[in-house]
Every structure is written in structure tokens, then in C-alpha cells.
Amino acid sequence: MKDDTDLTVGLGAPGFRDETADGCDCAGCAAARGAARAERGGGPAALRGVRRAVVATLGAVALAGTTAGPAAAEPAPSHAGWDGSRYWYRNAAGQWRWTQHHDRYVRNSAAAGAKAARPARSGGEPVFRGRQGWDARDRVYWFRNGGHWYWTSHQWKYELRTGAKGHAPADHGSGSGTAGAPASRGWTVPVASYGLTGYYRQPGSWSKGYHTGTDFAVPSGTTVRAVGPGRVVHAGYNRSYGYEVVIRHADGRFTQYAHLSRIDVPVGRSVSAGQRIARSGATGRVTGPHLHFEVRTTPYFGSDVDPLAYLRAHGVRV
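Heads up: these notes are all about the structure in this document. Just so you know, these numbers come straight off a predicted model, no measurement behind them.

### Some words on the overall build of the protein chain
- Regarding its fold elements, the protein chain presents six helices and 17 strands.
- Relative to its 318 residues, the protein chain shows a buried fraction of 42%.
- Of the contacts made within the protein chain by residues no fewer than 6 positions apart, 55% connect residues no fewer than 24 positions apart.

Have a look at this one:
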């Protein structure tokens, strides 16, 4: 099963080292082994001389700090185990490590009785439930083509492939924390079944002196959707925000979705209201899993406006 429209962007983990599995010939493990050989002195003589000078000046500890454990100012994972794209664990020295190999995670994890189950679908593939048409749980259309089942989040593409009329019923709920309510022109809330835990302009120790967005408390891995139609202008890692997606809308406003565990759209992709763009998580500077949602007049920090007022102006009950 596949989506013939969406492209998944794999997430790297800045500041952490993937430990290679013995005998694995995947591209990631091969690259890691090459980097390890270079660090042991396999590079040119001039580079080894520079390395010795750095060690003599700053000490061996400073040099080792660039190759293991979290980089300076980079956050550690919020918990051990599978985060949607890799396994996190503490080794016997108490340092954070990650690996995409299940067997290595179980063998090396210092956590007592660590037995993480293999993820059924590491990519978060929607579940086919045996019928063509709209699936309200994963918010996608299923259709049959050439003897195979496919899914798409675009109504026009479903109608083009099947000749049938696509009807995507609106989600129903209240602003106190259930699924998104019907909205004018298809606008919606970014996540379903949430709790509001951080409010716009809430005072605190944030960089701007107040909270610049609204926090939707949801478990890691929750589907994150574009609140309205637009184009992706940023998709990647952004320091305290962790992994984020920023979308420009036709009215000139920008919406930001931060602390993600997975990104499902690339820069330049046009998205529709309600389309899945990411999975929620706890990357960046956080105290727990949630979605940080902002509305801005530019793509950048510091141009924030009230996000709930913006959604309500588009007919969203939140």
C-alpha cells in the first residue's frame, strides 16, 4: 500500500551517534564505519596533525565530546524506546545513544528489562480496513488500481482515479479537547483529541518573555495536519523548536508546527486543509510530548500573532 502523492522526509538526530550493527551493509552503517575509521587516524597526515594540536590545546575530553553523546545545547530524548523513527537508550555509562536496529537496542540498553516491540509500520502507513472510499480514522481515501490498493489525502485525485464522488465528512468535537470542528473553507485544528496546556502570551522564561504559540497536549506519534491550504516553506530541525514544519497561506500568514517526531512533507509541497504533514513528538526544548502551534506574519520567530484567534477567524471551533 502506498500514497502516490506524499513524500516522507527522514529525520536525522543532530548531535547523536548511531551505533553500527556488526555485519550490516546498509548505507547508514557503512557511512558510520567510514567515519569511525577517519577518527581513528585514517585521514591525511595534515588532518592528524591538526587533531593532535586540538587535543593538546583543549584536552582529549573536548575532542571526544564532538563524537559521542548530545551536542552542546542539543536536547536529550524525552524517554528511552522507539520514537517513531529510531530507538533511544542509555548505555552502561549513562550516555544517550540511538540505533535503528531492534536487536542492538535490546542488547545494549541499560534500562532494566528493555524489550521494545518492533514497530509494525515505522512510516506510520494508514491502515487499510477493507473498503474503498474515505477512512475517517486516518483521514485518507482508499481506492483500487491495477489490482492493488492505494491511498491519497486528496479528494480530487480519488475522484480522478475512481470516477466516484469523494465525500470527506467533517470531524466533530468541542474546543475543550475533542476532534476538530467543521470550519469554513475546510480549515481545521492541527490535531485531534487534545488538551490545551500552553497559551499565547503566557508569561514565563521563554526567549521573548512570553509563550509565542499554543500548546496542544497529545501523545508522541499523533497525526499533525495543516490547518488550512498553503505551501511548505520550512521542514527540518530548528533548535529549541526541534523538528518543525512552517506553511505559508494565501492570506500571507504562516503557521508553525513544532516538536515533531516525524515530517511527512518536503519544502515546496502544496498542502490542503486537514492533510497530514507530520507526527507529534517531544524534540527540541520540551518537558513532555505536545504540538507547539504558532501563527506568524513572517516565517520567522518574533512575528507571532494570536493562533486561536486566527483559527476562529477561519471558522474553527477551538
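Okay, back to it.
### As for the nonpolar core
- Membership of the largest hydrophobic core comes to 28 residues, with the highest contact counts inside it found for Phe216, Val224, Val245, Ile247, Tyr257, Leu260 and Ile277.
- Contributing elements (two or more residues each) for this core: strand S12 (243-249), strand S13 (254-263), strand S15 (276-280), strand S16 (291-296) and helix H6 (307-313).
- Apart from the residues within four sequence positions on either side, Phe216 is in contact with Pro190, Val191, Tyr194, Gly195, Leu196, His290, Leu291, Phe293, Leu308 and Val318.

### Examining the packing of aromatic side chains
- Throughout the structure, instances matching the rule amount to nine aromatic pairs.
- Residues Phe143 and Tyr150 carry aromatic rings whose centres are separated by 6.0 Å and whose planes lie at 25° to one another, so their mutual orientation is stacked. Each member of the pair Phe143 and Tyr150 is classed as buried.
- When the ring of Tyr200 is compared with that of Tyr210, the centres are 6.2 Å apart and the planes differ by 90°; the resulting orientation is edge-to-face. With Tyr200 in the loop between strand S8 (195-198) and strand S9 (214-217) and Tyr210 in the loop between S8 and S9, this residue pair connects regions lying ten residues apart in the sequence.
- Looking at Tyr210, the relative accessible area reads 12%, which means it is buried.
- Three or more aromatic residues joined by ring pairs form one cluster here, namely Tyr194, Phe216, Tyr257 and Phe293.
- Seen from the ring of Tyr210, Arg201 lies directly overhead, with NZ or CZ sitting 4.3 Å from the centre.

### Observations concerning the pairing of strand S6 (residues 140-145)
- Sheet topology places strand S5 (residues 133-135) next to S6; three bridges connect them, and they run antiparallel. Looking at S6, one finds that Gly133 is bridged to Trp142.
- Across five bridges, S6 lies against strand S7 (residues 148-152) in antiparallel orientation. Paired with Asn145 across the strands is His148, a residue of S7.
- The antiparallel pairing of S6 with S7 creates a hairpin that spans two residues between the two strands, and Gly146 there sits at a positive phi of about 60°.

### What to know about the pattern of salt bridges
- As enumerated under the stated definition, the model contains three salt bridges in all.
- Across the pair Arg262 and Asp264 runs a salt bridge whose closest N-O atoms are separated by 2.6 Å.
- On the basis of relative accessibility, which here comes to 2%, the residue Asp264 falls in the buried class.
- Put simply, Asp264 and Arg276 hold a salt bridge, and the shortest N to O gap is 3.1 Å. Taken together, the residues Asp264 in the loop between S13 and strand S14 (270-271) and Arg276 in strand S15 connect sequence positions twelve residues apart.
- A relative accessible area of 12% places Arg276 in the buried class.
- Residues joined in a network through salt bridges with shared partners are Arg262, Asp264 and Arg276.

The rules behind these values
Residues numbered from 1 in each chain as written. Predicted model: local features only at pLDDT ≥ 70, side-chain atom pairs only at ≥ 80, totals over all residues. Heavy atoms only, no water. Helix = DSSP H or I, 4+ residues; strand = E, 2+ residues; numbered from the N terminus. Buried < 20%, exposed > 50% of the residue type's maximum accessible area, 1.4 Å probe, protein only. Contact = heavy atoms within 4.5 Å. Core = buried A, V, L, I, M, F, W, Y, C linked by side-chain atoms within 4.5 Å. Phe/Tyr/Trp six-rings, centres within 6.5 Å; stacked < 30°, edge-to-face > 60°. Lys NZ or Arg CZ within 6 Å of the ring centre and 35° of its normal. Pairing = 2+ DSSP bridges. Salt bridge = Lys/Arg side-chain N within 4 Å of Asp/Glu carboxyl O.

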